[in-house]
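# An overview of the molecular structure
Now for the letters of each chain:
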Amino acid sequence: MPWWNRILVVDDDLDLLQAYKEVLELDGHEVTLARNGFEALRLLKQGLRPALILLDLLMPGMNAWSFRLRQLEDPALASIPVIVLYAQDVGARAMNALGVDGLLEKPVDLDVLLATVAAYVKPAGATTQPSQ
């Protein structure tokens, strides 16, 4: 499937990764998984260009803030939208510092997840041609 339907999901919880993958694939999206920020950046540096990144807030090794700093430093990656998934509220100021496109609180309601994703990722079979 083309890039416009690809979602990169980054989370250190393997069970959550698999759950997100199943739900998103059932909704017609191509899903790539990364267990941490380092793995996600490696995939992106190797050429992966998702339409959206779903990023866990707190992960060992590289948290969402560190990931975003590195993502934004790279002009080829900076424009990829990011939605942060969080279980622990770290405060509005810290969350705003992420400069992300959205925030979803865990456990994420699946209908909310799919509605949020739909704002950034075209459904399967959609055309990328502008309507005239």
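Details of the structure are given in the entry above.
Residues numbered from 1 in each chain as written. Predicted model: local features only at pLDDT ≥ 70, side-chain atom pairs only at ≥ 80, totals over all residues. Heavy atoms only, no water.

## A short note on the packing of helix H1 (residues 14-26) against helix H5 (residues 110-118)
- At a minimum axis distance of 11 Å, the contact between H1 and H5 shows a crossing angle of 60°. Between H1 and H5, the interaxial angle falls into the category oblique. Crossing hand, H1 versus H5: right-handed. Of H5, the residues touching H1 (which contributes Tyr 20, Val 23 and Leu 24) are Leu 110, Leu 113, Leu 114 and Val 117.
- Residue classes in the contact of H1 with H5 are distributed as seven nonpolar, no polar and no charged. (Axes fitted to C-alpha atoms, helices over the stretch in contact; angles between N-to-C directions. Helix = DSSP H or I, 4+ residues; strand = E, 2+ residues; numbered from the N terminus. Parallel < 35°, antiparallel > 145°, perpendicular 65-115°, else oblique. Left-handed = near helix turned anticlockwise from the far one by under 90°. Contact = heavy atoms within 4.5 Å. Nonpolar A, V, L, I, M, F, W, Y, C, P; charged D, E, K, R; others polar.)

## Considerations on the side chain of Asp 56
- Within the element layout of this structure, Asp 56 appears in strand S3 (residues 52-56).
- Residue classification places Asp 56 among the buried positions, given a relative accessible area of 4%.
- Polar side-chain contacts of Asp 56 include one of 2.8 Å to the side chain of Lys 106.
- With near-sequence residues (within four places) excluded, Asp 56 lies in contact with Val 10, Asp 11, Asp 12, Ala 64, Leu 85 and Lys 106. (Buried < 20%, exposed > 50% of the residue type's maximum accessible area, 1.4 Å probe, protein only. Polar contact = N/O pair within 3.5 Å; in protein donor to acceptor, adjacent residues only side chain to side chain.)

## Details of the pattern of salt bridges
- In this structure the tally under the stated criterion is five salt bridges.
- Among the ionic pairs, Asp 11 bridges to Lys 106, the shortest N-O distance being 2.8 Å. Taken together, the residues span a long stretch of sequence, with Asp 11 in the loop between strand S1 (6-10) and H1 and Lys 106 in the loop between strand S5 (102-105) and H5 at a distance of 95 residues.
- With relative accessibility at 1%, the residue Asp 11 sits in the buried group. (Salt bridge = Lys/Arg side-chain N within 4 Å of Asp/Glu carboxyl O.)

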